[in-house]
Amino acid sequence: MPGDKREAWTKRLARHRTGLAAMSFAESTVVPIPLETIVAPLMVGEHRHATTIALAIWLGCLAGATLFFGLGVWLAEPVVLPILDWLGLRSTFESILDDLGRDGLFWTIFLVSFSPAPMQIATLGAGAAHGNFLIFLAAIASSRGLRYFGLAVLAKLFGPKIAEWNIPTGRLVLGAVIIGGTIWGTLQMLGR
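Since the structure is predicted, the reported quantities are computational estimates derived from the model, not experimental observations. (Residues numbered from 1 in each chain as written. Predicted model: local features only at pLDDT ≥ 70, side-chain atom pairs only at ≥ 80, totals over all residues. Heavy atoms only, no water.)

Novice: Residue-level account of the overall build of the protein chain, with values.
Specialist: Each helix and strand counted, the protein chain has nine helices and zero strands in total. Beginning at the N terminus, the succession of helices and strands in the protein chain can be written as α-α-α-α-α-α-α-α-α. Each of the 192 residues in the protein chain was classed as buried or not, and the buried ones make up 38%. Once local pairs closer than 6 in sequence are excluded, the contacts in the protein chain between residues at least 24 apart make up 82%. As presented, the protein chain carries roughly 10,500 Å² of accessible surface, and 71% of it is formed by carbon and sulfur atoms. (Helix = DSSP H or I, 4+ residues; strand = E, 2+ residues; numbered from the N terminus. Buried < 20%, exposed > 50% of the residue type's maximum accessible area, 1.4 Å probe, protein only. Contact = heavy atoms within 4.5 Å. Areas by Shrake-Rupley, 256 points an atom, 1.4 Å probe, with all protein chains shown as cover.)

Novice: Provide a residue-level description of the pattern of salt bridges, including the pertinent values.
Specialist: All chains considered together, the criterion is met by three salt bridges. Residue Arg144 pairs with Glu27 through a salt bridge whose shortest N-O separation is 3.3 Å. Residue Arg144 is located in helix H8 (residues 133-163), and its partner Glu27 is located in helix H2 (residues 17-29); the two are separated by 117 residues in the primary sequence. Across the pair, Glu27 and Arg144 agree in class, each one buried. As a salt-bridge pair, Asp85 and Arg90 come within 2.9 Å of each other at their nearest N and O atoms. Exposure remark for Arg90: the relative accessible area of 28% places this residue in the partly exposed category. (Salt bridge = Lys/Arg side-chain N within 4 Å of Asp/Glu carboxyl O.)

Novice: I'd love a proper account of helix H7 (residues 120-128), names of residues and values included.
Specialist: Along H7, eight of the nine residues are buried, which leaves the element largely enclosed by surrounding structure. Among the residues of H7, those classed as buried are Gln120, Ile121, Ala122, Thr123, Leu124, Gly125, Ala126 and Gly127. Looking one or two residues past H7, His130 carries a phi angle of roughly 55°, positive in sign.

Novice: Describe in detail the nonpolar core, supporting the description with residues and values.
Specialist: Of all hydrophobic cores here, the largest spans 38 residues; its most connected members are Leu20, Met43, Ile57, Ile109, Ala126, Phe136 and Ile140. When contributions to this core are tallied by element, the ones reaching two or more residues are helix H3 (36-45), helix H4 (50-87), helix H5 (90-101), helix H6 (105-114), H7 and H8. In terms of residue count, the dominant contributor to this core is H4 (13 residues). Apart from the residues lying within four places of it in its own chain, the contact partners of Ile57 are Leu20, Ser24, Leu35, Val39, Met43 and Tyr148. (Core = buried A, V, L, I, M, F, W, Y, C linked by side-chain atoms within 4.5 Å.)

Novice: So what's going on with a nonpolar patch on the surface? Residues and values would help.
Specialist: On the surface, Trp74, Leu75, Val79, Ile83, Trp86, Leu87 and Leu89 cluster together into a nonpolar patch covering about 770 Å² of accessible area. Relative to the helices and strands, Leu75 resides in helix H4. (Patch = residues over 30% accessible without salt bridge, like charges linked within 9 Å, V, L, I, M, F, W, Y side chains within 5 Å.)

Novice: Tell me what's going on with the packing of aromatic side chains, and back it up with residues and numbers.
Specialist: Tallied over the full model, the rule gives eight aromatic pairs. Three or more aromatic residues joined by ring pairs make a cluster, and in this case those are Phe106, Trp107, Phe110 and Phe114. (Phe/Tyr/Trp six-rings, centres within 6.5 Å; stacked < 30°, edge-to-face > 60°.)

Novice: Describe in detail H2, supporting the description with residues and values.
Specialist: Compared with an ideal rise of 1.5 Å per residue, which puts 13 residues at 18 Å, H2 spans 18 Å between its outermost C-alpha atoms and is within 8% of the ideal. Taken as a whole, H2 has its buried residues at Gly19, Leu20, Ser24, Glu27, Ser28 and Thr29. (Expected span 1.5 Å × (residues − 1).)

What follows is the structure in structure tokens.
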């Protein structure tokens, strides 16, 4: 019976598209840990719902990126730049602004948001540089679409085989979060 309760939360999460979209919104705004650490094992464990999971997190990401673009446009000087100074990220921000200013808006945003690097600085930078919003949105939509729907395809292909191993989805998610968090923490320590 306790195992059923542990499994129930992953099944509820897989069906709760609003919660998944909210998690993706948070990941694209304030949470620097890639969402895939949670959704990849969730998609594998619930491979029948992988496409709808991908759609929910894609939409949440687009909403979060749009918010940060708007913050970059309207609040760069009074809010964003002082916060970046406080966090010690001003030089990274200035570097991205240089890339965005050389007609590299689409590819800079595409590459940053496709990579495992946090994309928050790039979305703020695109807004602060007053980049073309439609080009920005196309870059985010295509790069994150490739990531999320690519994961869904892989989950549909390999999920049934992995399901034969009878590993509870909750353990897959927990294991991925621990491994992803450890890798992220190690990279952060090495980057200092």
